[in-house]
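# Topology and contacts: notes
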Amino acid sequence: MNDYLALVSKQRLADVLRELVRIPSVNPAFSGGQGEAGVADYVKRHLRALGLDVIVLPVEPGRENVIGVLPGAGNGNLLLEAHMDTVQTDGMTVPPFAGEVRNGRLYGRGACDTKASLAAMLIAVEAMKTNGLVPPLGIHLAAVVDEEATYKGVTVLADAVAKGRFVYEGAIVGEPTQLHVIMAHKGCVRFHIDVFGVACHSSHPSGGINAIEQACEVVAFLQRHAADVYPRLAHPIVGSPTHSVTMIEGGVAPNTVPDLCRITIDRRTVPGEEAIAVWQSMKRLLEGLQDADGPLKLAVHEPFLIDHSMEVQPESALVRHMRSAVGRYAPHGRIMGAPYGSDASKLVRAGVPSLVFGPGNLAQAHTRDEWVDLDEATTAAAIIMELAMQFRPSGS
Ligand SMILES: [Zn+2]
């Protein structure tokens, strides 16, 4: 059996990662966002220099997904997917686009989230190609846009899968997981609730209805609801649903009883819950709190964001192969769940079993001194190579 770690060069990986970090790709949704075009060009050049075919999937003007194709021995494909965008650089205490290396760590915006995953995938494919290794399935390496904002990149890719343009037997979605394998994660539904009152002079509050105080009742009700209901909905891997009141807005003046208060709910869903059904049931519950003579009047708005939860069956061939690849090179790595979302849920909904995996700690993502450990990134490349060389959907 090949030692894939011996076939991936840490120096080469560090060079590619440094070049990726040196190309700013802040998501245009954030302040100073340049977009992903520079990184997309770099990935195209890298893949073409290896002699791979490159497919470009336009997403919107100036933004495209880049897919490199390494042919396999048989039919079917394994997808390696990583996003090219990063969050903003405000407040960073290290140069965001220098790619400095200190004590085995490479620093910069996106180093951890998720350019190290992208670099590990590029190096894995490069090592297979230059060593003449032909994987059983074709490998599609997809560098996509817009994960940090509205998932437009993976959405275009998942649509192409749903329409049959691409067929994937499985996918690895690169995100910082410390080489653990995420096989289930939560989803999210976010919406506003407007609570209405009647304004009046605050010297005589009983002349009105205080919308902020009514909203407090709603918040307290939701806390009781969470304590009663969420434990019963617990998923064996990702745990219970949660919700947070993440924003509150109300009042017009210090001496006026407010007639409107808006609260924003972020409800995290678990696999098995449908986001829209969760919202509908919360809407019904909340509307049911109103009674014709009572002071509470509210409106529950349609969700402004839905992101689905996902899970892959633990006994599936993809999990089995990934467990063995991680076990060989990173024995600390576990198969687990996560409370956050990723591109994987969009691929799972398109029918592609998808696992989230990559070097780096989410605790370093989006931080002032974002960094990734270069040994860990090199190990990730070896694990990806091993999976690519071993994975067969039948598990045979
Ligand atoms: Zn990420």
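See the structure printed just above.
Let us look at the structure shown here. Predicted model only: the values in this text are computed from it and were never measured.

Within the open sheet, the three strands sit side by side as β4-β5-β19. Their pairing is antiparallel. Sheet topology places β4 (101-102) and β19 (371-373) at the edges, where each strand pairs with a single neighbour. Taken together, the three bridges between strand β5 (residues 105-107) and β19 define a ladder with antiparallel strand orientation. Across the sheet, the residue bridging to L106 is V372, located in β19.

Attention now moves to the pairing of strand β6 (residues 138-144). Where burial is concerned, most of β6 is hidden: seven out of the seven residues are buried. As paired strands, strand β2 (residues 63-70) and β6 are joined by five bridges and run antiparallel to one another. Within β6, the residue paired with V69 across the bridge is H140. Pairing geometry for strand β3 (residues 77-83) and β6, over seven bridges, is parallel. Counted as the bridge partner of L80 is L141 from β6.

This part is about the coordination of the zinc ion. When a metal holds four donors in a tetrahedron, each ideal angle between them is 109.5 degrees; when it holds six in an octahedron, the ideal angles are 90 or 180 degrees. Each protein donor to the zinc ion is listed here as H83 (NE2), D113 (OD), E175 (OE) and E175 (OE); together their distances run 1.8 to 2.8 Å. Coordination at the zinc ion is irregular: its four donor atoms span angles of 51 to 143° at the metal. The sequence pattern formed by the donor residues of the zinc ion is H-x29-D-x61-E. Linking H83 in strand β3 with D113 in helix α4 (residues 111-130), this pair joins segments that are 30 residues apart in sequence. No difference in accessibility class separates H83 from D113, as the two residues are buried.

Attention shifts here to the layout of surface pockets. Taken as a whole, the largest pocket spans an internal volume of roughly 430 Å³. Lining the largest pocket we find 20 residues, and of these E147, E148, Y151, Y340 and G341 sit closest to its centre. Contributing elements (two or more residues each) for the lining of the largest pocket: β9 (187-196) and β15 (305-307). At three residues, the largest contribution of residues to the lining of the largest pocket is made by β9. A per-class count over the lining of the largest pocket returns eight nonpolar, four polar and eight charged. There are two domains that each give the lining of the largest pocket at least three residues, and those are domain 1 (4-185 + 309-390) and domain 2 (187-307).

For S354, the location among the structural elements is in strand β18 (residues 354-357). Look at S354 and you get buried, because its relative accessible area is 0%. Among the polar contacts made by the side chain of S354, one reaches the main-chain carbonyl oxygen of V352 at a distance of 2.8 Å. With residues up to four places along the chain from it excluded, the contact list for S354 reads A171, M310, V312, L318, A344, L347 and V348.

Conventions used here
- Residues numbered from 1 in each chain as written.
- Predicted model: local features only at pLDDT ≥ 70, side-chain atom pairs only at ≥ 80, totals over all residues.
- Heavy atoms only, no water.
- Pairing = 2+ DSSP bridges.
- Helix = DSSP H or I, 4+ residues; strand = E, 2+ residues; numbered from the N terminus.
- Buried < 20%, exposed > 50% of the residue type's maximum accessible area, 1.4 Å probe, protein only.
- Donors = N, O, S within 2.8 Å, 3.2 Å for Na, K, Ca; no water.
- Tetrahedral: all angles 85-135°; square planar, octahedral: opposite > 155°, others 65-115°.
- 1 Å grid on protein atoms, 1.4 Å probe; cavity = no way out; pocket = protein on both sides within 12 Å on 5 of 7 lines; lining within 4 Å.
- Points joined across faces, edges and corners; volume = space filled by probe spheres on them.
- Nonpolar A, V, L, I, M, F, W, Y, C, P; charged D, E, K, R; others polar.
- Domains from an automatic or database assignment.
- Polar contact = N/O pair within 3.5 Å; in protein donor to acceptor, adjacent residues only side chain to side chain.
- Contact = heavy atoms within 4.5 Å.

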